[in-house]
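An overview of the molecular structure
The lines below spell out each chain.
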Amino acid sequence: MSNTTTIAGRQFRSYFNGAAAYIVISIVMLALGILFWKTFFLYGKSSVREMFRWLSLILVFATPAVSMGLLAEEKRTGTIELLITMPVKDSEVILGKYFGVLGLYLVTLLLTIPYPLSVSSLGHLDWGTVFSGYIGLFLWGAAMLATGLMASSFTENQLVAFFVGLAINFTLWLIGPMLQLLPTEFASIFQWLSFDFHFERMQRGVIAVRDVIYFLSITAIGLAVAFRSLESRRWS
Amino acid sequence: MSDLMIEALNLTKRYGAVKALDDVSFEVKRGEVLGFLGPNGAGKTTTMKILTCFIAPTEGTARVNGIDVFEDSIGVRQAIGYLPESTPLYTEMMVSEYLDFVARMRGFRGGDISKRIEAVVDQAALGSVFQQEIRALSKGYRQRVGIAQALIHEPPLLILDEPLSGLDPNQAAEMRQLITHLGKERTVILSTHNLAEVQTTCSRVLIIASGRLVADDTPDELRERAGKPAFEASFLAEGEAGKKARDTLGALPGVAEVKKLDQTSGEVRFLVTGRGSDDLRAAIFRAAVAADLVLVGLERRGENLEDVFRDLTTGDAPKVEAKVAKKKAADKKKTAGDKKAADDKKAASDEQAKKAADAEAKNSSATDTDDEEPGGADQGDDESAA
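Conventions used here
Going along each chain's sequence as written, the residues are numbered from 1 onward. The naming scheme follows written order: chains are lettered A onward, ligands numbered 1 onward. Confidence filtering applies because this is a predicted model: local features only for residues at pLDDT of at least 70, side-chain atom pairs given and counted only at 80 or more, and all residues used for totals across whole chains, interfaces and linings. Secondary structure elements are taken from DSSP: a helix is a run of H or I of four residues or more, a strand is a run of E of two residues or more, and numbering for both begins at the N terminus. Remark: C-beta atoms are placed from the backbone, and a residue is labelled buried if 20 or more other C-beta atoms sit within 10 Å of its own, exposed if 12 or fewer do, or partly exposed between those counts. By definition, residue pairs are in contact when their C-beta atoms, positioned from the backbone, come within 7 Å. On a range of 0 to 100, pLDDT expresses the predictor's confidence in each residue. A pair of strands is considered paired only if DSSP assigns at least 2 bridges between the two. Where helices are involved, their axes are fitted lines through C-alpha atoms of the stretch in contact, as for all axes, and angles between N-to-C directions lie from 0 to 180°. A set of buried Ala, Val, Leu, Ile, Met, Phe, Trp, Tyr and Cys residues, joined through C-beta atoms within 7 Å, is what we mean by a nonpolar core. The domain limits used here are those given by an automatic or database domain assignment. A helix is expected to span 1.5 Å multiplied by its residue count minus one. Throughout, the arc means the angular range of directions from the helix axis out to the C-beta atoms. The hand of a helix crossing depends on one turn: near helix anticlockwise from the far one by less than a right angle means left-handed, and clockwise means right-handed. Residues were grouped as follows: Ala, Val, Leu, Ile, Met, Phe, Trp, Tyr, Cys and Pro as nonpolar; Asp, Glu, Lys and Arg as charged; and all remaining residues, including Gly, as polar.

In terms of helices and strands, chain B carries 14 helices and 14 strands. Split into buried and exposed, the 386 residues of chain B put 42% on the buried side. By sequence separation, contacts in chain B at least 24 residues apart represent 69% of the contacts at least 6 residues apart.

Scanning chain A for helices and strands turns up twelve helices and zero strands. Along its sequence from the N terminus, chain A presents helices and strands in the succession α-α-α-α-α-α-α-α-α-α-α-α. With the C-alpha coordinates aligned to their principal axes, the bounding extent of chain A is approximately 55 × 45 × 30 Å. A buried classification covers 42% of the 236 residues belonging to chain A. Put simply, of all contacts in chain A between residues at least 6 apart along the chain, 78% involve residues at least 24 apart.

Another point: the confidence of the model for chain A. Across chain A, the average pLDDT comes to 92, with 100% of residues at 70 or higher. In the model of chain A, helix 10 (residues 187-193) of chain A stands out as the element of lowest mean pLDDT, 86, in contrast to helix 6 (residues 90-111) of chain A, which has the highest, 96.

A word on the sheet that holds strand 4 (residues 59-64) of chain B. Residue and element names in this part refer to chain B. Spatially, four strands are ordered 2-1-4-5 in an open sheet, and the strand pairing comes out antiparallel. Bordering the open sheet on either side are strand 2 (18-29) and strand 5 (67-68), each of which pairs with just one other strand. In the sheet, strand 4 pairs with strand 5 via two bridges, with the strands oriented antiparallel. Its bridge partner being in strand 5, Arg63 is matched across the sheet by Asp68. Contacting strand 1 (4-15), strand 2 and strand 4, helix 1 (residues 44-51) runs over the sheet at an angle of about 120° to strand 1.

Residues and elements named next belong to chain A. All of the buried residues in helix 4 (residues 69-77) are Gly69, Leu70, Leu71, Ala72, Glu74 and Lys75. Its buried side turned inward, helix 4 meets helix 3 (49-67), helix 5 (79-84), helix 6, helix 8 (127-154), helix 9 (158-175) and helix 12 (209-231). Looking at the residues trailing helix 4, positive phi occurs at Gly78, about 90°.

Ranked by internal contacts, the top residues of the largest apolar core, which has 135 residues, are B:Tyr98, B:Ala148 and B:Ile207. When residues of this core are assigned to their parent elements, the largest contribution, twelve residues, is made by helix 8 of chain A. For B:Ala148, the contacting residues outside a window of four places in its chain are B:Leu99, B:Val120, B:Val121, B:Gln123, B:Ala124 and B:Leu126. If you look at the next biggest cluster of nonpolar residues, it comprises twelve residues, including B:Phe235, B:Ala245, B:Leu249 and B:Leu280.

Our next topic: the environment of B:Ala209. Residues and elements named next belong to chain B. Along the chain, Ala209 turns up in strand 9 (residues 204-209). For Ala209, a count of 21 C-beta atoms within 10 Å translates into the label buried. Sequence spacing of Ala209 and Gly41 is 168 residues, and the spatial spacing of their C-alpha atoms is 8.3 Å.

Bringing the interface of chain B and chain A into the picture now. The partner chain A presents 19 residues to the 20 residues of chain B that form the contact. Broken down by secondary-structure element, the contributors of at least two residues to the side of chain B that touches chain A are helix 2 (73-79) and helix 3 (95-105) of chain B.

Let us now look at the sheet that holds strand 12 (residues 255-263) of chain B. Residue and element names in this part refer to chain B. The four strands are arranged 12-13-11-14 in an open sheet whose pairing can be described as antiparallel. A single partner strand is all that each edge strand has here, and the edge strands are strand 12 and strand 14 (295-300). Averaged over all pairs of adjacent strands, the angle between strand axes in this sheet comes to 20°, irrespective of strand direction. In this structure, strand 11 (residues 230-236) lies alongside strand 14, joined through five bridges in antiparallel fashion. Bridge pairing links Phe231 to Arg300 in strand 14. In the packing of helix 10 (residues 281-290) onto the sheet, the strands contacted are strand 11, strand 13 (267-274) and strand 14, and the crossing angle to strand 14 comes to about 165°.

Moving on, we come to the domain arrangement of chain B. Each assigned domain of chain B is listed here: domain 1 (4-224), domain 2 (230-300) and domain 3 (315-385). Placing the centre of domain 1 of chain B and that of domain 2 of chain B at their C-alpha centroids yields a distance of 48 Å.

What follows is about unusual backbone geometry. Residues and elements named next belong to chain B. Positive phi, close to 55°, is recorded for Asn65, a residue that is not glycine. Within the element layout of this structure, Asn65 appears in the loop between strand 4 and strand 5. Residue Asn65 is classed as buried on the basis of its C-beta count, with 20 C-beta atoms lying within 10 Å. The backbone phi angle of Thr87 is positive, close to 45°, even though this residue is not glycine. Mapped onto the fold, Thr87 is located in the loop between strand 6 (80-83) and helix 3.

Turning next to helix 4 (residues 111-123) of chain B. Residue and element names in this part refer to chain B. Helix length check: helix 4, at 13 residues, gives a terminal C-alpha distance of 19 Å against a target of 18 Å (1.5 Å per residue), a fit within 8%. Buried residues of helix 4: Arg116, Ile117, Val120 and Val121, and no others. An end-on view of helix 4 places all buried positions within 135° of arc, on one side of the element. Among the exposed residues of helix 4, those pointing more than 90 degrees away from its buried face are Gly111, Asp112, Lys115 and Asp122.

So, about the packing of helix 6 of chain A against helix 8 of chain A. Residues and elements named next belong to chain A. Where helix 6 contacts helix 8, the axes come no closer than 10 Å and their chain directions differ by 145°. Classified by chirality, the crossing of helix 8 by helix 6 is right-handed. Here Lys97, Tyr98, Val101, Leu102, Tyr105 and Leu109 of helix 6 come into contact with helix 8, specifically with Tyr134, Leu137, Phe138, Gly141, Ala142, Leu145, Ala146 and Leu149. Along the lines of polarity and charge, the residues of the contact of helix 6 with helix 8 split into twelve nonpolar, one polar and one charged.

Following this line, the structure appears as structure tokens:
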């Protein structure tokens, strides 16, 4: 476990040692600011539902941008070799990397808290739905970072990792809005796969086990595949 | 504790159809500084990656410090300090941050971290760049950071993959000195394709070519293997000097072959190859005087490791196998302390060589992965019979 923390700490700090963290956070905040406030006064409702909605889409693009380098860059530069030849388990490497990027994501989420705070100063805000919405958003981001880490484990090329991650995330996000266009006989399956279906309830203030399971399954699958992929270097 | 630091047992590594390592076995004793030599792509790095548990062998296994790489790979990794090729470091970190990270990964906590960092910074002379970002450092300093991180847990075994490549001569000299110093207290394996490095820093040399082990010697033994001594003799070219010299030299006892190198207006040069290891210069001089030849130049041909290296690593596989077999047979005889039966030895080694060559020829016709020629087996025989 201590190895995991050490790797996570290094990964987290490496984002802030370079420009990566600042650029990504700035873009996320800028995009969110424009998209959210543009329509906020039009609706005239003191709610942050729209913020969650936009943020869930922005994260579809932002998470692969921060996860693409996790393993791909280490493989390209060869640092993975030094990391793995230390007395550390492959699972600790994967979890360490994952928690490192998750830390960056948490910081980003925390930076959006001024939004609900401002909204609540304009009118009555239901903090219960804000709380459950954040839980949902956190789980959604956590799942996409896991698929991003998985994508990063497949290649040495960060750009490839980015687009693979983006494709997976965007598909999950897009199934909801596209549901009418998909074959009806599989509708329930598609519905279950769609991000919207699970996030919707959380936005309304309901934290249901099956929705949590949805996000956690994606996370678990992403991490497990990344682990296998890292392990496969030994036998290939 | 066994006195073996490394036992590599029949290591084979296949990448798809390509055999990167082919049945490589060797042992390294504690305290040895082992040079791992071979052309690029010969399998040096693959072997090191197996020993450090980065990859697993397709067949065979290895024990480091008595621990099997399959049974307890974490235990193996604890015993090794490793510097991979081209020194991959987290360049966005400062030297201090990086060493702190490595110390933590190696299990140090609290005050021990700074104690160990201090020690390796001292050993690798990193004091002046301690608070600099690694990306700002010269190649020489990066290499030292690489060495420092490998030393942080005081491992009994240090594995360095091409530690001197890419360094300028001053940096290389410093690094060589550092490695020699480190080798006094621990086992060191370093890979290189530079022969001078091996001659100055290593106590033993393994040569690997096309995934096979082709030599296992001390640098001195290796030089001896450069072959039978050869001498270059030049005579004044007057009258029938050329023919007379050839006959005279050929008649000398202990001369295996006389080859005319060239004839310029004033001199004629011959290359005289001896049968044994004796220095033939005195005999050549006396014979020339007796035959009334004017000897204007006589020198022993310098053999160096590069010739041996080229000889060992550019031959086809069977030839190479034959050499190893020959060496093994020779070793056996040596340990038996049997000196008089030099002929027996040769016969035995020839037989071994032939067997190995035949087996190889069979293999090569069965598998098509190596670039062996069918004619190789014959060459193998020639080689060992010479």
